[in-house]
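For reference, the chains in residue letters:
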Amino acid sequence: MIVLHHLNNSRSQRVLWLLEELGLDYEIIKHRRDPETNLAPPDLVQVHPLGKLPVIRDGALVLAESGAIIEYLLERYGGGRLVPPPGTPERVRYQYFMHYAEGSAMPVLLLKVVFDQIETAKVPFFIRPLTRGLAGRVKQVLVQPQLERHLDFMEAELGDSPWFAGEQMTAADLQMSFPVQAAAARAGLDGSRPRLMAWLDRIQSRPAYLRSIERGGPYQL
Ligand SMILES: N[C@@H](CCC(=O)N[C@@H](CS)C(=O)NCC(=O)O)C(=O)O
């Protein structure tokens, strides 16, 4: 049976969601973030050397990296579901967004989270103006303009069709769920970008998505 190592409030939610979309049998092993540092438990390195989740086990295979896990599950168990046929424009868009989510969108969102933390970090009062000033400046010059550009891009990409790869929902929408949810939770994505907000509503009301939340526990980014 497939075993999913799941971390609360994390990217493993989208693997859980895929398992539910495909109706597969699986076991879930839950790990919890440290409530103060938000880090994963250190003993996760016994599951995978990088100590990050999601990770799945399927027989002798142990696989990390959500995009790789999603593609593996679809190839092995998907029977053509959630992937556009090869050789179509939809397939190219599918591949693009499968990579864009972690390769381009997440790094910018992560920078935002890190510099927000630096800006509000508890540091000795005499260096506070320095840390705040530096973090504020990096956010203003580097992070915020990039963030706006990515959000505008994602909003525009939903201009011609309801899903990122076209008329049908695909696994690219699963992969995109984490950056878009993170942007809504922490980076100012709101009703001023109505297509992204409507897309979020669409994915979050799917029965398989709701089952994944029931199975994994509360999900709050
Ligand atoms: N690119 C990897 C990122 C994995 C990753 O950073 N996972 C986070 C959860 S969202 C994690 O395990 N964080 C815990 C930690 O860094 O201690 C993927 O998509 O699977």
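Keep in mind it's a predicted model, so treat the numbers as computed, not measured.

**Digging into the layout of surface pockets**
Point 1. Considering only enclosed or pocket space, the largest pocket measures out at about 1,100 Å³ in volume.
Point 2. Around the largest pocket, the lining comprises 34 residues; the ones closest to its centre are R11, R33, N38, K52 and L110.
Point 3. At the level of secondary structure, the elements contributing two or more residues to the lining of the largest pocket comprise α3 (89-120) and α5 (171-186).
Point 4. Here the element with the most residues in the lining of the largest pocket is α3; it accounts for eight residues.
Point 5. Residue classes in the lining of the largest pocket are distributed as 17 nonpolar, nine polar and eight charged.
Point 6. Here the lining of the largest pocket gathers at least three residues from each of two domains, domain 1 (2-81) and domain 2 (89-206).

**What to know about the sheet that holds strand β2 (residues 26-31)**
Point 1. With mixed pairing, four strands are arranged side by side in an open sheet as β2-β1-β3-β4. One side of each edge strand has no neighbouring strand; the edge strands of this open sheet are β2 and β4 (61-64). On average, each strand axis in the sheet is inclined to that of its neighbour by 20°, with strand direction left out of account.
Point 2. In this structure, strand β1 (residues 2-7) lies alongside β2, joined through six bridges in parallel fashion. Residue pairing for β2: H5 is matched across the bridge by I29.

**Remarks on the domain arrangement of the protein**
Point 1. The assigned domain composition of the protein is domain 1 (2-81) and domain 2 (89-206).
Point 2. Inter-centroid distance (C-alpha atoms) of domain 1 to domain 2 is 22 Å.
Point 3. Each partner contributes residues to the interface: domain 1 has 13 residues there, and domain 2 has 15 residues.
Point 4. In total, domain 1 and domain 2 occlude about 1,200 Å² of area from one another, counting both sides; carbon and sulfur atoms represent 59% of this.
Point 5. When the area that domain 1 buries against domain 2 is broken down by residue, the three leading residues are R11, R14 and W17, summing to 52%.
Point 6. At the boundary of domain 1 and domain 2, one finds three salt bridges.
Point 7. Note that E102 is salt-bridged to R14, the shortest N-O span being 2.5 Å.
Point 8. Where domain 1 meets domain 2, there are four residue pairs in polar contact (both at pLDDT 80 or more).
Point 9. Elements with a contribution of two residues or more to the side of domain 1 that touches domain 2: α1 (12-22) and α2 (66-78).

Reading guide: rules and limits
Residues numbered from 1 in each chain as written. Predicted model: local features only at pLDDT ≥ 70, side-chain atom pairs only at ≥ 80, totals over all residues. Heavy atoms only, no water. 1 Å grid on protein atoms, 1.4 Å probe; cavity = no way out; pocket = protein on both sides within 12 Å on 5 of 7 lines; lining within 4 Å. Points joined across faces, edges and corners; volume = space filled by probe spheres on them. Helix = DSSP H or I, 4+ residues; strand = E, 2+ residues; numbered from the N terminus. Nonpolar A, V, L, I, M, F, W, Y, C, P; charged D, E, K, R; others polar. Domains from an automatic or database assignment. Pairing = 2+ DSSP bridges. Axes fitted to C-alpha atoms, helices over the stretch in contact; angles between N-to-C directions. Contact = heavy atoms within 4.5 Å. Buried area = accessible area lost by both parts, 1.4 Å probe. Salt bridge = Lys/Arg side-chain N within 4 Å of Asp/Glu carboxyl O. Polar contact = N/O pair within 3.5 Å; in protein donor to acceptor, adjacent residues only side chain to side chain.

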